[in-house]
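# Coordinate analysis (summary)
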Amino acid sequence: MEPDHPSQPGRRSVLVRLGTAAGAAALAAQGGIVARSLVANVSYDTPSRMKLGLPEAFPDGLTLVPDARLFVSRRGKRFRVLSAVCTHLGCTVRVEASLRPDPTDPDARKATQVFELACPCHGSRYRADGANLSGPAPRPLPAYRLILAPGDGQLVVDLDDEVDPGAELTVP
Amino acid sequence: MAQRRFWSLRPSTAREVAEAIFANFLLHWFPARMRASSLAWLPTFWLGTATWVLFVVLLLSGLPLMVFYIPSVEDAYRSVKDIEHVVSFGWWLRAVHRLGAHLMVITVTLHLARVFLTGAYKNAPGGYQRREWNWVIGVAMLFSTLLLSFTGYLLPWDQLAYWAVTVGTGIVSSAPVAGAILRETLIGGREIGEATLVRFYLLHIVVLPIAVAVLFGYHMWRVRKDGGLAHGDGDDGRAEVPAIPMVVRRIAVVTMATVLAVTVLAIFIPSPLLDPANPDVTPNPAKAPWYFLWLQEVVTDTTVRIGPVRVNGALVGGVILPLALSVLLTLWPWLDRSPAGTAGVAFPRERRIQNAVFLAMVLAIVALTVVGLMRGPSWGLWWPWESWPAMPTRL
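Treat the numbers as computed from the prediction; the structure is a model and nothing was measured.

What follows concerns the overall build of chain A. Secondary structure assignment for chain A yields one helix and eleven strands. Along chain A, helices (α) and strands (β) appear in the sequence α-β-β-β-β-β-β-β-β-β-β-β when read from the amino end. In terms of C-alpha radius of gyration, chain A reaches 29 Å, well past the compact-globule figure of 16 Å for 172 residues. Overall size of chain A, expressed as C-alpha extent along the three principal axes, is 105 × 45 × 25 Å.

Here it is in structure tokens:
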């Protein structure tokens, strides 16, 4: 048997190192394969582009779309769609109405009804247009592009296309 | 003398003690003779043993629950409702499992606090021990216990479960760079659903229990390799007692006391089951499990504005702070410069500053937990004797 020498490793030690390296590489690769398999390739989540219904189905004001966690905001013929998912940690916000003194009334006798969006999880508050007012929410609620489906005239939202909070769709 | 057929719990000679240890799989964990000081009640409160007993109770109570539980979005809630209301003594099994989990979080935390305060992770002067590594294994078991409890939290698929996991995985997604992909991998998509339930179920019943069992085995092996508990370092073998029956008797007492506590508590403290999970309606208030309430307070109060950028409290309080605390906790044995003679000594003068800082942090966590318990509708603060105002549950 050829003896090992520090400057000239023998066949045995080279084979041991090769075997160890191959074993480690195989384990790392198998670990990587298992880890990769855990990242889903197919999503069975709610599709990012979906029909919400006909415009006339939504009354004036804010309406929560069930299962989509979205608000449709309607003012006459103008429509917007707003996420109902709090930007802090993902809870569903709810509409809260409160009475505030009317700023146009100098005697502060009149009250006006103000709608705000409140998150029950950590107390974040948003204006009805989605701007974050108070609490830990770091960003406004995102607004998404809204179009009319060419065929049946339903409102279609694209959750991959975030738009300016003021952007509105005017329905003829 | 005729050889005994079975090992004896009442050995009359040193040879019989040794034979019992060698012949018995469970007793093999112990040396034939142990320091008498290791068996004392006071320095350790036997919290590690109580934690292990609770783990076994959780394994045993989990098995019948697995017979009835169905890990699917369609059936999970109904099956837990069946366990609670239809299965004979199902309510008690579920209560034992739930309370056992809560108690295990408490005992493992107290065990860690005791080891810290007595410097029991330190090695004896000139010692051969590697106790700092057992501390690291202990910290890993604390985190595994918290994860076990948290993954079990989702399984009933009720409102409590759904929103606690929404918030918990929301924290994961606030991690920089890899946050979104980590969350997607954890919950198996962008929304909490079937894939999440299956993943959490597997973590809860297979991955994490095996991890705890393996870590525990290593933990116990290290205690023996390190020559027993730190507070017995000074004994020098002067006061040794036979492990049988001394340690077996103590373990039996701790086991019976722990099982008795869980059994009785489970009769009087029912397990909650709220409405089925509903992604459209977040309950008001929606709270994390009690052991994460302090973190929930931190994530609420740490959204800060730095110049034009608003940093999410979820990143500060949910990722940076817990990560920093975990790293500090894990590495503490190497940062602790107090003399080796303080190993296993309760509140020694040389360690008074680090013990005071540790206790101050524990107090801060307890205070934040109390604040979290007092949170009511719309995240307002309410005294325990105040009743919450009626809030609309649905728009």
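All names here are of chain A. Spatial strand order, E5-E6-E7-E8: four strands in an open sheet with antiparallel pairing. Single-partner strands in this sheet number two, and they are strand E5 (94-101) and strand E8 (132-134). Between one strand and the next, the sheet's axes are offset by a mean angle of 45 degrees, whatever the strand orientation.

A word on the interface of chain A and chain B. In this assembly, 25 residues from chain A lie in contact with 31 residues from chain B. Looking at the side of chain A that touches chain B, its residues break down into 14 nonpolar, seven polar and four charged.

This part is about the environment of Pro 322 of chain B. With respect to the element layout, Pro 322 of chain B can be found in helix H11 (residues 313-335). In the structure, Pro 322 of chain B is positioned 27 residues away from Leu 295 of chain B in sequence and 8.2 Å away in space, judged by C-alpha atoms.

Here we take up unusual backbone geometry. Most peptide bonds adopt trans geometry, and most residues besides glycine take a negative phi value. Residue and element names in this part refer to chain B. Of note, the amide linkage connecting Ile 244 to Pro 245 takes the cis form, showing an omega dihedral of 10 degrees. Turning to its location among the elements, Pro 245 is positioned in helix H9 (residues 243-268). Along the chain, Asn 284 connects to Pro 285 via a cis peptide bond; the corresponding omega equals 0 degrees. As for its placement among the helices and strands, Pro 285 is situated in the loop between H9 and helix H10 (293-301). Residue Trp 46 is not a glycine yet carries a positive backbone phi of 55 degrees.

A separate point is the packing of helix H4 (residues 90-117) of chain B against helix H5 (residues 131-154) of chain B. All names here are of chain B. Two elements in contact, H4 and H5, have axes separated by 10 Å at closest approach and are oriented at 160 degrees. Considering the angle they form, H4 stands roughly antiparallel to H5. When you trace H4 past H5, the crossing you get is left-handed. Across the interface between the two elements, Ala 101, Met 104, Val 105, Val 108, Thr 109, Leu 112 and Val 115 of H4 pack against Trp 135, Gly 138, Met 141, Leu 142, Thr 145, Leu 146, Ser 149 and Gly 152 of H5. Across the contact of H4 with H5, the residue classes tally to ten nonpolar, five polar and no charged.

Okay, the domain arrangement of chain A next. Interfaces are often described in size by the accessible area the parts lose on coming together. When cut into domains, chain A gives domain 1 (1-39) and domain 2 (49-170). Taking only C-alpha atoms, the centre of domain 1 of chain A and the centre of domain 2 of chain A are 59 Å apart.

Because the α-helix completes a turn every 3.6 residues, residues three or four places apart line up on one side. All names here are of chain B. Counting buried residues along H10, seven of its nine residues qualify, which places the element largely inside the surrounding structure. For H10, the full list of buried residues reads Leu 293, Leu 295, Gln 296, Glu 297, Val 298, Val 299 and Thr 300. Among the structural elements, helix H6 (159-173), H11 and helix H12 (352-373) are those in contact with the buried residues of H10.

Between its first and last C-alpha, H6 of chain B extends 21 Å over 15 residues, near the 21 Å set by a 1.5 Å rise per residue. The element H6 of chain B is largely enclosed, with a buried count of 14 among its 15 residues.

Moving on, we come to the confidence of the model for chain B. Atom-level detail of predicted coordinates should not be read off regions where pLDDT is low. Residues and elements named next belong to chain B. Overall, the prediction assigns chain B a mean pLDDT of 89, with 96% of residues at 70 or greater. Across chain B, helix H2 (residues 47-68) holds the top mean pLDDT of 97, while helix H1 (residues 14-23) sits lowest at 80. Across the interface, the model reports ipTM at 0.77; the global pTM reads 0.87.

Let us look at the environment of Ala 367 of chain B. Mapped onto the fold, Ala 367 of chain B is located in helix H12. With 73 residues separating them along the chain, Ala 367 of chain B and Trp 294 of chain B place their C-alpha atoms 7.9 Å apart.

Residues and elements named next belong to chain A. Assignment of secondary structure puts Leu 52 in strand E1 (residues 49-53). You can call Leu 52 buried: it has 20 C-beta atoms within 10 Å. Between the C-alpha atoms of Leu 52 and Leu 82, which are 30 residues apart in sequence, the distance is 12 Å. Each residue touching Leu 52, except ones within four places of it in the same chain, is listed here: Val 65, Val 72, Gln 154, Leu 155 and Val 157.

Angle between the axes and distance between the axes are the two parameters that describe a pair of packed helices. Residue and element names in this part refer to chain B. At a closest axis distance of 6 Å, the pairing of H10 and H11 adopts a crossing angle of 135 degrees. What the angle tells us is that H10 and H11 run oblique. You can see that H10 and H11 cross each other, and the crossing is right-handed. Contacts from Leu 295, Val 298, Val 299, Thr 300 and Asp 301 in H10 reach Gly 313, Ala 314, Gly 317, Gly 318, Leu 321 and Pro 322 in H11. Split into classes, the residues belonging to the contact of H10 with H11 amount to six nonpolar, four polar and one charged.

The rules we used
- Residues numbered from 1 in each chain as written.
- Chains lettered and ligands numbered in written order.
- Predicted model: local features only at pLDDT ≥ 70, side-chain atom pairs only at ≥ 80, totals over all residues.
- Helix = DSSP H or I, 4+ residues; strand = E, 2+ residues; numbered from the N terminus.
- Rg over C-alpha atoms; globule rule 2.2 N^0.38 Å.
- Pairing = 2+ DSSP bridges.
- Axes fitted to C-alpha atoms, helices over the stretch in contact; angles between N-to-C directions.
- Contact = placed C-beta atoms within 7 Å.
- Nonpolar A, V, L, I, M, F, W, Y, C, P; charged D, E, K, R; others polar.
- Parallel < 35°, antiparallel > 145°, perpendicular 65-115°, else oblique.
- Left-handed = near helix turned anticlockwise from the far one by under 90°.
- Domains from an automatic or database assignment.
- Buried ≥ 20, exposed ≤ 12 C-beta atoms within 10 Å, placed from the backbone.
- Expected span 1.5 Å × (residues − 1).
- pLDDT = per-residue confidence, 0-100.

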